[in-house]
Amino acid sequence: MRIMTTTIRLNLLFLFFVLLSQWSPALSDLVISKLDRKIDLTSQVMRVTATLKVENSGNGPVSEVLLPFGDHQAKDLAFLVATTSEGKGKTKTSSSSLPIKVVNPEGMPPSLTWYSVSLPKELTKGQSLNLEVRTAFTNALQPFPEKITQADIQLLVFQESAYYLSPYAVNVQSLSVKLPEPKVESYTKLENTKFSGSEIKYGPYENLPPFSFSHIAVHFVSNKPFAVAQELVREIEISHWGNVQITEHYNLVNAGAKSSGEFSRLEYQARPHLRGASSFRHLVAKLPPRAHSIYYRDEIGNISTSNVYGDSSKTLLEIEPRYPMFGGWRTSFTIGYGLPLKDYLFRAEGKRFLNISFGCPMDDVVVENLVVKVILPEGSKDISVSVPFPVKESRETKFSHLDMIGRPVVVLEKTNAVPEHNQYFRVYYRFSNLSLLREPMMLISGFFFLFVACIVYMHADLTISKSSPSYLAKLQWDEVQTALQQTQGIMNRCLGIHDKLEASLRDLSRTGDVQACKAARKSADNMLKELSKDLKPLLSFLQSSPLAASLYSKVEELVAKEKELQEKLIVKHTTVTDSYEKKSGGRDIENRIAPIQQRITALRQEVDDLLEIIDEI
């Protein structure tokens, strides 16, 4: 049903062309006496080579030949070139490509896109020439069915006219369609149709009027990879220090019949040609012969499944994605390599120019959107570009190491890029040799000023004057901190003596030796008096120091609390020893010292808190 619908649409379209062609008598001056058309379907790119023998049957001279394409073809037209040829076989010679431009001839169908081929010289009445037109189309082959399983083969549908779309009458023409293999589900059979091997031949057909049309469709087997780069960004960075760095970023998809059902890695590895025939697991990039520092990575990191083979004429980089690419599956990766500058940078008429290839280095890949960025050295000017086919051109600026104004970037964009676009192009620019010294001089200057700064730092006296207020204030604050630390030390020693008093009471309860307990109290009392003498000058200094004015209240409170704690401990100690001498019971002793112990616990906590506050200060 899908093929039949397309057939009806194309027949109606070409019937419209036939009617409108009657209104264009100017095109009748030319006649195509012989036309041989060859269509190559062995890859995802449809390549057509048409050899036309054009004769002028009119009275006036003719300087151009018109080539029409239907809008459904024109949007997928990736490559178009026309040349003249002479001779046959080994003696056949071809001219350089002829100028081609888009035109809008009057009285022609609006749904056609017209190209005008300018002839090298005018054709006068009765003269003829051989014209060879080579075209390449993307998206001309459609998977049918659109979805297949891992075990299915891939089938494609190709639809075309058996007759060449021509605004001129054609005396004799023939068509041959070359397939990737001799397996065909079905094909249109017309008069003079022959299928031999992997080639279908139609014709010859004679005396065909302008815009003749006869629909044909071929449903055939093709397991060729449909590798399509939805976007490819090629960065070509020039360094006048001897290197051209190429970096290519790919967003790749298998645009063939989409894979449905589950994927079995076991079956694929056991029989990859049967269980995944339409998938592909590796691609080959043809790099220049002296490519070096080659790498291949994706978002995860470096990919080790790659091999490099090379000889004096080329370097082949075989890359394998992390998983086999079935229909509809996608992947992204980056490859990069370096090239010797002297092989690609030349001089002419006071300018330098880069001469390097434009397109994708992988012949099996079609690029929907190709962006080529040529990054020139900083300071380049008077930039111009020469590309052998139409591209969209723009400018950018990129900043890199030690750049001050940025590096100029030439951006070239091309849609529907095929292997035929992998031609050499040139970028011309002017660059002063003095600019080469900019970065080295910046490095030298930077290190020079660094060394000078180090020398100045080592020999300069950066200390603060001992008579300055800030220095004196620092000394006073250091004295305050020292006094605080000594006060803390005394307080901690007092707390240690308090612990010894408590320990003597525990020994008393165990041994009942009252005299030993009294001796411990007397010793503790003497040590506390000595510490109190040591504390007095520290308190006097803190009280007199302006820097310690806000701190003295805490220190004073700490001393008072510790003094009260001493008194309560002595009272407790005396009460217990007296009770032991009077042989009082344990319950009675506990009742007598209970309120005292409660106060001792509270005071001890307060003293500890004040010590922590002073320690933080």
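Every chain begins its residue count from 1, and numbering advances along the sequence as written. Totals for whole chains, interfaces and linings use all residues, but because this is a predicted model, local features are given only for residues with pLDDT of at least 70 and pairs of side-chain atoms are given and counted only at 80 or more. Hydrogens and water are ignored here; the side-chain numbers use all heavy atoms of the structure.

The name given to the protein chain in an unreviewed UniProt entry is Dolichyl-diphosphooligosaccharide--protein glycosyltransferase subunit 1, and the organism recorded there is Anisodus acutangulus. UniProt positions are given in the numbering used here, feature names are shortened, and annotations may be inferred rather than shown by experiment. What the UniProt record of the protein chain gives under Subunit (unreviewed entry) is the line "Component of the oligosaccharyltransferase (OST) complex."

Can you help me understand the overall build of the protein chain in this one?
When helices and strands are tallied, the protein chain shows 8 helices and 31 strands. For 617 residues, the compact-globule estimate of 2.2 N^0.38 gives 25 Å, and the protein chain exceeds it by more than 25% at 48 Å. Projected onto its principal axes, the C-alpha coordinates of the protein chain cover approximately 150 × 65 × 50 Å. The burial tally for the protein chain puts 42% of its 617 residues in the buried class. A helix here means a DSSP run of H or I that spans at least four residues, while a strand means a run of E at least two residues long, and both kinds are numbered starting from the N terminus. Atoms counted for the radius of gyration: C-alpha only. Globule rule: 2.2 Å times the number of residues to the power 0.38. Per-residue accessibility, obtained with a 1.4 Å probe over protein chains only, is compared with the maximum for each type, and a residue is labelled buried under 20%, exposed over 50%, and partly exposed between these values.

Help me understand the sheet that holds strand β26 (residues 351-357) in this model?
Pairing in this open sheet of 4 strands is antiparallel, and the strands run β25-β26-β31-β28 from one edge to the other. The sheet is open, and its two edges are formed by β25 (345-348) and β28 (381-386), each paired on a single side. Going across the sheet, the axis of each strand differs from the next one's by a mean of 25°, ignoring polarity. Strand pairing is defined by DSSP finding a minimum of two bridges between the two strands. Judged from the 4 bridges that link them, β25 and β26 form a sheet pairing that is antiparallel. Looking across to β26, one finds that L345 is bridged to L354. Only the contacting stretch of a helix is used when fitting its axis, a line to C-alpha atoms as for every element, and angles between N-to-C directions run 0 to 180 degrees.

Just checking my understanding: could you explain the sheet that holds strand β22 (residues 306-310) for this structure?
The strands making up a sheet associate through hydrogen bonds between their backbones, and the pairing can be parallel or antiparallel. Ordered in space as β20-β23-β22, the 3 strands form an open sheet in which the pairing is antiparallel. Only two strands of the sheet have a single neighbouring strand rather than two, namely β20 (283-287) and β22. Direction aside, the axes of adjacent strands within the sheet are offset by 20° on average.

Just to check I follow, could you spell out the UniProt feature "transmembrane region" (unreviewed entry) in the protein chain for this structure?
In this numbering, the UniProt entry assigns the feature "transmembrane region" (unreviewed entry) to residues 441-460. Secondary structure within residues 441-460 divides into 95% helix and 0% strand; the distance between the first and last C-alpha atoms comes to 28 Å.

Explanation requested: the environment of A217 in the structure shown.
Along the chain, the position of A217 falls in strand β16 (residues 215-221). According to the relative accessible area criterion, A217 is buried, its value standing at 10%. Along the primary structure A217 and I613 are separated by 396 residues, whereas in three dimensions their C-alpha atoms are 95 Å apart.

What am I meant to see in the side chain of Q73 here?
Among the secondary structure elements, Q73 is positioned in helix α2 (residues 71-74). The class for Q73 is buried, based on a relative accessible area of 16%. Note on contacts: a residue pair qualifies if any of its non-hydrogen atoms lie within 4.5 Å across the two residues. Once residues lying within four places of it in the same chain are set aside, the contact partners of Q73 are F137 and E160.

Looking at this structure, I do not really get the pattern of salt bridges. What am I missing?
Any two side chains of opposite charge can pair, on the condition that their charged atoms come close. Every case where a carboxyl oxygen of Asp or Glu lies within 4 Å of a side-chain nitrogen of Lys or Arg is listed as a salt bridge. A complete count under the given rule lists 25 salt bridges for this structure. Taking the shortest distance from any N to any O, the salt bridge between E320 and R281 comes out at 3.6 Å. Residue E320 is found in the loop between β23 (315-319) and β24 (330-340), and its partner R281 is found in the loop between α3 (265-270) and β20; the two are separated by 39 residues along the sequence.

Please explain the nonpolar core as it appears in this structure.
Inside soluble globular proteins, nonpolar side chains tend to come together where they are buried. Formed by 53 residues in total, the largest nonpolar core has its most connected members in L41, L67 and F158. The element that contributes the greatest number of residues to this core is strand β7 (residues 112-123), accounting for 6 residues. When near neighbours in sequence (up to four residues on either side) are disregarded, F158 contacts I39, L41, M46, L141, V177, I216, A217, V218 and F220. Counting 46 residues, the second largest nonpolar core, distinct from the first, contains A227, I335, L341 and I356. We define the nonpolar core as a collection of buried residues of types Ala, Val, Leu, Ile, Met, Phe, Trp, Tyr and Cys that are connected through side-chain atoms lying within 4.5 Å of one another.

What is the right way to look at unusual backbone geometry in this model?
Excluding glycine, most residues fall at negative phi; most peptide bonds, likewise, are trans. Following F144, the chain continues to P145 via a peptide bond in cis, the omega torsion being 10°. Tracing the chain through its elements places P145 in the loop between β9 (142-143) and β10 (147-148). Between G203 and the following residue, P204, the backbone shows a cis peptide bond with an omega angle of 10°. Its place among the elements puts P204 in strand β15 (residues 199-208). A positive phi angle is found at N207, which is not glycine, with a value near 50°. Summarising the element assignment, N207 is placed in strand β15. On the accessibility criterion, N207 (62% relative accessible area) is exposed. With a phi close to 55°, D382 is a non-glycine residue in the positive phi region. Inspection of the secondary structure assignment puts D382 in strand β28.

In this structure, what is going on with the packing of aromatic side chains? I would like to understand it.
The relative placement of two aromatic rings is captured by the distance of their centres and the angle of their planes. Any two rings among Phe, Tyr and Trp, with Trp reduced to its six-membered ring, count as a pair given centres within 6.5 Å; such a pair is stacked if its planes are under 30 degrees apart, edge-to-face if over 60, and tilted if neither. Throughout the structure, instances matching the rule amount to 15 aromatic pairs. Plain terms: the ring middles of Y296 and F333 are 5.5 Å apart, the flat faces sit at 85° to each other, and that makes the pair edge-to-face. In this pair, Y296 is assigned in strand β21 (residues 292-297) and F333 in strand β24, connecting sequence segments 37 residues apart. The class for Y296 is buried, based on a relative accessible area of 2%. Ring geometry for F346 versus F353: centroids 5.6 Å apart, planes at 35°, classification tilted. We classify F346 as partly exposed; its relative accessible area is 32%. Through successive ring pairs, a cluster of aromatic residues spans F69, Y115 and F137.

What is the right way to look at helix α7 (residues 549-581) in this model?
Residues three or four positions apart in an α-helix share a direction because the helix packs 3.6 residues into each turn. By this rule, a helix spans an expected 1.5 Å times one less than how many residues it contains. Here α7 spans 49 Å end to end across 33 residues, near enough to the 48 Å set by a 1.5 Å rise per residue. Phi turns positive, to about 60°, at K583, one or two residues after α7.

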